[in-house]
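Read off the chains here:
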Amino acid sequence: MIEATSGLDTDDHMRLPQPRTAMLRWLLAGSWTMVLAFALLKTGSLLVHGQHAAWLYRLDDPDNYMRLAQIRDWLGGQSWWDVTQYRVDPPHGLHTHWSRLADLPVGLATTALTPFAGGALAERLAVMLMPLLLLIAAIGLMVRIAAGLAGPAARFPSIFLALCSSKFDWEFIPGRIDHHGLQIVMVLGTVAALVAGERRRHGLLAALAVALALGTGMETAPYLVAVALWAVLRWARRGFAVQRVSVAFFGGLAMLVPAIFAATVPVGDWALAKGDAIGRGHVVAAVMLGGALALAAARAPARWDWPQRLALAAGIGALGGTIILTMFPEVIDKPYHMVGPLLERLWIANIAETRTVLEDWKGSPLTAAARMAFNTAMLPAGIWLTWRATGAARDRYALLTTLAAVALALTGWQFRSIAPAAAIALPLAAALVVQLTRRSLAAAGGAFVASAALLLVDGYIPKSRPRAVVADAQCANSVDYIDIARLAPGLVLTQIDLSGTFLVWTPHSVIASGIHRGFAGNRFAFETWMADPAVARQRLAARDVRYLADCTTNAEAVFLAREAPHGLVAELARGASFAWLQPVAHRGNPALKFYRLLPAAR
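The shown structure was predicted, so the numbers you read here are calculated from the model rather than taken from an experiment.

(A) Quick look at the packing of aromatic side chains. According to the stated counting rule, one finds ten aromatic pairs in the structure shown. On the basis of an interplanar angle of 35° and a centroid distance of 6.3 Å, the ring pair of Phe-156 and Phe-160 is categorised as tilted. With Phe-156 and Phe-160 both in helix H7 (residues 155–164) and four residues apart, this pair spans about one turn of that helix. By relative accessible area, which is 12% here, Phe-160 ends up buried. Between the NZ or CZ atom of Arg-72 and the centre of the ring of Trp-505, over which it lies, the distance is 5.9 Å. Lying over the aromatic face of Phe-524, Arg-543 brings its terminal NZ or CZ to 5.2 Å of the ring centre.

This is how it looks when you write it as structure tokens:
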């Protein structure tokens, strides 16, 4: 079989519009100049938007603070395989599900810069620059995907549309050091490898990206499952023509997923049932199904037609899936099943990134419509592009269209999926523009302008909020903790949103955290904040809590006070004082009320 090195059909290259006149050449040069200027403006905007994150450590989200605390622990000597947060819910600490793979970008950058800038400045630079470097990688992969779909002409619209997307780039602003940006890069890397061509190396690179994505976190698992199903159907449809890439991809999964698992998960956790992080079930699935499908692709008789190959693949999937779900049912558990009904209702339901499109619609129909419009429009566009394509090009369009459908469903389910959904849909939009130029320049221009408008508008419309959020948390400046950090270390009861800031800026320990595996400490915190003050005092004494921190403008404090109008947090909001609580003066935000529990109360 002879392959086109670009992964494109030859006739696609021949039909691409060529700038044959001086005017078209000048227009093309002007377009690239506009893209360059826009890129510089966008980068400047991201830097300005992220200046607090870079220099004041306003990291926007509790998970970013928790990630920084984990990176500091690792660079400070904690084992690569030990991701326990020992200052969360002591004495045992919180055994998190977070992967060290997501610590690598900031951790390695900090280590590399420390000899030149010193530890503190190196960390600040790493926190600011690494998200931007991941953004560059993500845009580069999107451009590669668009070019793999529609040829070099797709590079310009893909870059421009990526720069327009407020949905996509918000995961890469300075200070966003959580794992979501890295996961987007891994998913795009998987797709880029598969649209680049059909050689062995493309299958192996895609398998490596899948393994790294699984090792980083499970949020992108639906996309990876869709990729695997697409690879199965491609082999069933085309057989020997894609034998090499299929064997490499499926065999790569069977080898690389357990390798990443062994490299990141401590031996003591290998037998644990885990659905919220890579675990034994995922490894067995990769080895069993990947190995069986690789063997089938390698040994299936060349005379077989597609129904026979499809039947074989379906049999492998049915048998392997039954075994895996019987032995490892945790692989399809709800991600937050362990938190319990109280935290599900009062905490998970009020996290901005877990709200559904229906909740968005109730808060602001305009917001919900704007957030879904681009991805909704790209799904029929992908179907049309797939229908009109032929050969290998049809497979590539089918992959992006399938992922766009998965992304649209996930975005409707949880808002957190909007960034990877936009990243997947952007190459389809660029390919649509290029394909339409072969029919009508006016249609292509209209599609280009419409796509850019749908991507831009989301950044400038009023945002809806979770139903209980009526005030932003305002207790995240480092200066708020200068005096508090000088106090004798002790256990602090605080709101979940403040847990990471206490870990980063003070030597104190906390009970609650923004990680769902910390459900025991979180439940204790919620129940204590809502309890009658006398009962709350007994609960705090039993846990030897030394301090209380109450950010009165924090959304959590507001809705817990509404939930329990006579509870501890509500009484403190009304200005009540208690003999067993001594206010501690500090020079930080006045909204941050800090108290010392007197010895008689402990």
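(B) Fine view of the sheet that holds strand E4 (residues 509–510). Across the sheet, five strands lie side by side as E4-E3-E5-E7-E6; this open sheet has mixed pairing. Since the sheet does not close on itself, it has two edges, and those belong to E4 and strand E6 (581–583), each with one partner. Where strand E5 (residues 547–551) and strand E7 (residues 592–597) come together, five bridges link them in antiparallel fashion. Of the residues in E7, the one forming a bridge with Cys-551 is Leu-592.

(C) Focus on the pattern of salt bridges. One pass over the structure, following the stated rule, counts 16 salt bridges. Its salt-bridge partner being Glu-330, residue Arg-280 comes within 3.1 Å of it at the nearest N-O pair. Linking Arg-280 in helix H13 (residues 280–299) with Glu-330 in the loop between helix H14 (306–327) and helix H15 (340–346), this pair joins segments that are 50 residues apart in sequence. Among the ionic contacts, a cluster of salt bridges with common partners joins Arg-67, Arg-100, Asp-103 and Asp-178.

(D) Inspection of the confidence of the model for the protein at higher detail. For the protein, per-residue confidence averages 85 on the pLDDT scale, and 87% of positions sit at 70 or higher. Taken together, the stretch residues 1–21 has pLDDT below 50 and engages in 47 contacts with residues farther than four places along the chain or on a different chain. A low-confidence stretch, residues 462–472 (pLDDT under 50), is modelled with 32 contacts involving residues beyond four sequence positions or located in other chains.

So, how was this worked out
- Residues numbered from 1 in each chain as written.
- Predicted model: local features only at pLDDT ≥ 70, side-chain atom pairs only at ≥ 80, totals over all residues.
- Heavy atoms only, no water.
- Phe/Tyr/Trp six-rings, centres within 6.5 Å; stacked < 30°, edge-to-face > 60°.
- Helix = DSSP H or I, 4+ residues; strand = E, 2+ residues; numbered from the N terminus.
- Buried < 20%, exposed > 50% of the residue type's maximum accessible area, 1.4 Å probe, protein only.
- Lys NZ or Arg CZ within 6 Å of the ring centre and 35° of its normal.
- Pairing = 2+ DSSP bridges.
- Salt bridge = Lys/Arg side-chain N within 4 Å of Asp/Glu carboxyl O.
- pLDDT = per-residue confidence, 0-100.
- Contact = heavy atoms within 4.5 Å.

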